[in-house]
Amino acid sequence: MQPRADVYELTCPEPARSALLFETPAEIYARVFRALKPRSPLPEIQVEFRRYANADSSIRLESGRLTIRIADILQGAPAPIVESLAWILLGKLYRRPVPRIYGHRYRLYLNRREMRQKMQLVRQIRGRKLLAPPEGAARNLEDIFERLNREYFDGLLARPRLGWSRTRSRSMLGHFDPSHNAIVISRIFDDASKPLLALEYVLFHEMLHLTHPVDHAGVRRRVHTREFRAAERAFPRLAEAKELLKTI
Ligand SMILES: [Zn+2]
């Protein structure tokens, strides 16, 4: 893929290669701090790697001490990646504009295949999936899954974990979590007064995620590919179902 020219703007200072090889993460943060705030005294800096279920990081300034917490999945990251994150976090903390190359480099790294695999693994092992059983008060997701499976997938889909969400979410009506091989449907649909067609469409959509892999190219992550959208059109009364969703 051709990099976009504006992403690779050449305004960022190239770090000295020899320095990068021997710097600890705390030293990298100190150097970036000095570049961003040349007139301020350098605070005490502590960098910790934490066992997270994701690649999150945080920065905090408390009584003159900077504490940076980084997901341990990034512990072995090359120095330029550690430095990119330092620019991102310190830039955010001190509201300083940061050359876009750092955000781009960091996202590119996280989007590498081995990083995505590692992340999926830590999510599986460390993350908990909160979902309630598929038998709801009014509707059973397993029954609906099997019916849709027969009608549109020749009964060939292996059933993932299925469950209702804990809350009656309106912002997330359904979602497929590949790390836990689970489909979660908003409890809002566990209600006989809500149109069944709308629920069927949401579940059908999530079932398509079982058969359509996410497309990763560069920093882009395309979940609803062209093929996905084409397959979705196999759902009869698609337009009607989408209209119904707007009323929910
Ligand atoms: Zn989707």
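Position numbers for residues start from 1 in each chain and track the written sequence from start to end. Local features in this predicted model are restricted to residues of pLDDT 70 or higher, and side-chain atom pairs are both shown and tallied only at a pLDDT of 80 or more, whereas totals for entire chains, interfaces and linings draw on every residue. Derived side-chain values reflect all non-hydrogen atoms in the structure, with water molecules and hydrogen atoms excluded from consideration.

**Student:** In this structure, what is going on with the overall build of the protein? I would like to understand it.
**Tutor:** Here a strand is any run of E in DSSP of at least two residues, a helix any run of H or I of at least four, and the numbering for each starts at the N terminus. A tally of helices and strands in the protein yields nine helices and eight strands. The globule rule used here is 2.2 Å times the number of residues to the 0.38 power, and the radius of gyration it is set against is calculated over C-alpha atoms. Expected size for 248 residues packed as a compact globule is a radius of gyration near 18 Å; at 23 Å, the protein overshoots this value by more than 25%. Principal-axis analysis of the C-alpha atoms places the extent of the protein at approximately 65 × 40 × 30 Å. Residues counted as buried form 43% of the 248 residues belonging to the protein. To sort residues, take the accessible area from a 1.4 Å probe on protein chains only and compare it with the maximum for the residue type: under 20% means buried, over 50% means exposed, and anything in between is partly exposed.

**Student:** How should I be thinking about empty space enclosed by the protein in this particular structure?
**Tutor:** Empty pockets left among the atoms are what a rolling probe the size of a water molecule brings to light. Two kinds of site are reported from a 1 Å grid over the protein atoms alone, namely cavities, where a 1.4 Å probe fits but cannot get out, and pockets, open sets with protein on both sides within 12 Å along at least five of seven lines, and residues are called lining when an atom falls within 4 Å of a point. Grid points are joined across faces, edges and corners, and a volume is the space filled by probe spheres set on the points. Scanning all chains against the criterion turns up one cavity of 30 Å³ or more. If you add up the space inside the largest cavity, you get close to 50 Å³. The dominant element in the lining of the largest cavity, judged by the number of residues it contributes, is helix α3 (residues 79–93), at three residues. Partitioned by chemical class, the residues of the lining of the largest cavity number nine nonpolar, no polar and no charged. Each residue receives one of three labels: charged for Asp, Glu, Lys and Arg, nonpolar for Ala, Val, Leu, Ile, Met, Phe, Trp, Tyr, Cys and Pro, and polar for the others, Gly being one of them.

**Student:** When you look at helix α4 (residues 100–110) in this model, what are you seeing that I'm missing?
**Tutor:** Residue pairs spaced three or four apart in an α-helix point in one direction, given the helix's 3.6 residues per turn. When we look at burial in α4, the residues that qualify are Ile101, Tyr102, Gly103, His104, Tyr106, Tyr109 and Leu110. Next to the buried residues of α4 lie β2 (57–62), α3 and α5 (113–126). Here a residue-residue contact requires only that any non-hydrogen atoms of the pair lie within 4.5 Å.

**Student:** Looking at this structure, how should I read the coordination of the zinc ion?
**Tutor:** Six octahedral donors around a metal ideally make angles of 90 or 180 degrees; four tetrahedral donors ideally make 109.5 degrees. Donor atoms from the polypeptide that coordinate the zinc ion comprise His205 (NE2), His209 (NE2) and His224 (NE2), at 2.0 to 2.1 Å from the metal. Counted as donors are N, O and S atoms no farther than 2.8 Å from the metal, or 3.2 Å for Na, K and Ca; water is not among the atoms, and sites may therefore look incomplete. Donor residues for the zinc ion, ordered by position in the chain, follow H-x3-H-x14-H. Placement of the pair is His209 in helix α7 (residues 196–211) and His224 in the loop between β8 (220–222) and α8 (226–232), with a sequence separation of 15 residues. Its relative accessible area of 11% is what places His209 among the buried residues. Exposure remark for His224: the relative accessible area of 32% places this residue in the partly exposed category.

**Student:** Please explain the confidence of the model for the protein as it appears in this structure.
**Tutor:** Detailed reading of the predicted model is not advised wherever pLDDT is low. Mean pLDDT over the protein: 89, with 92% of residues reaching 70 or higher. pLDDT is a residue-level measure of predictor confidence that goes from 0 to 100. This stretch, residues 1–13, has a pLDDT under 50; its non-local contacts, to residues over four places away or in other chains, come to 17 contacts.

**Student:** In this structure, what is going on with the layout of surface pockets? I would like to understand it.
**Tutor:** A volume near 790 Å³ is recorded for the largest pocket. Forming the walls of the largest pocket are 25 residues, and the residues nearest its centre are Arg123, Pro178, Val214, His216 and Arg221. Those elements giving two or more residues to the lining of the largest pocket turn out to be α4, α5, β5 (174–177) and α7. Counting residues per element, the lining of the largest pocket draws most heavily on α5, at six residues. Among the residues forming the lining of the largest pocket, the class breakdown is eight nonpolar, ten polar and seven charged.

**Student:** So what exactly am I meant to see when it comes to the sheet that holds β2 here?
**Tutor:** Note on sheets: strands pair through backbone hydrogen bonds, and any given pair is parallel or antiparallel. Taking strand neighbours across the sheet as the criterion, the three strands line up as β1-β3-β2 in an open arrangement whose pairing is mixed. Only two strands of the sheet have a single partner each, and these edge strands are β1 (44–50) and β2. Along the sheet, successive strands turn relative to each other by an average axial angle of 15°, direction set aside. Being paired, for any two strands, means DSSP has found at least two bridges between them. Relative to strand β3 (residues 65–71), β1 runs parallel, the two sharing seven bridges. Among the inter-strand pairings, Val47 is bridged to a residue of β3, identified as Ile68. Packed onto the sheet, helix α2 (residues 25–36) meets β1 and β3 and runs at close to 130° relative to β1. Lying over the sheet, α3 contacts β2 and β3, oriented at roughly 45° with respect to β2. The convention used is that axes are lines fitted to C-alpha atoms, helices contributing only their stretch in contact, and that angles between N-to-C directions extend from 0 to 180 degrees.

**Student:** Help me understand the sheet that holds β5, please; the structure alone is not making it clear to me.
**Tutor:** Strand order across the open sheet formed by three strands is β4-β6-β5, with mixed pairing between neighbours. Across the chains shown, the open sheet's two edge strands, defined by having one partner strand only, are β4 (161–164) and β5. Looking at each pair of strands side by side, their axes are set apart by 15° on average, direction ignored. With four bridges joining them, β5 and strand β6 (residues 182–185) adopt antiparallel strand pairing. When the bridges of β6 are listed, His175 appears paired with Val184. On the sheet, helix α6 (residues 141–153) packs against β4 and β6 and is oriented at approximately 130° with respect to β4. Packing against the sheet, α7 makes contact with β4, β5 and β6, and its axis sits at approximately 160° to β6.

**Student:** Is there a simple way to explain the packing of aromatic side chains in this structure?
**Tutor:** Each aromatic ring pair is summarised here by two numbers: the centre-to-centre distance and the angle between the ring planes. Each Phe, Tyr or Trp ring (for Trp, its six-membered ring) is paired with any other whose centre lies within 6.5 Å, and the angle between the two planes then decides the class: stacked below 30 degrees, edge-to-face above 60, tilted in between. Tallied over the entire structure, the rule returns seven aromatic pairs. Ring centres of Tyr152 and Phe235 lie 5.9 Å apart, and the angle between their planes is 50°; on these two criteria the pair is classed as tilted. A residue pair is termed long-range when its members are at least 10 positions apart, and Tyr152 in helix α6 and Phe235 in the loop between α8 and α9 (238–246) qualify at 83 residues. A relative accessible area of 3% places Phe235 in the buried class. A ring pair is formed by Tyr201 and Phe235, whose centres lie 5.7 Å apart and whose planes are at 50°; its orientation type is tilted.

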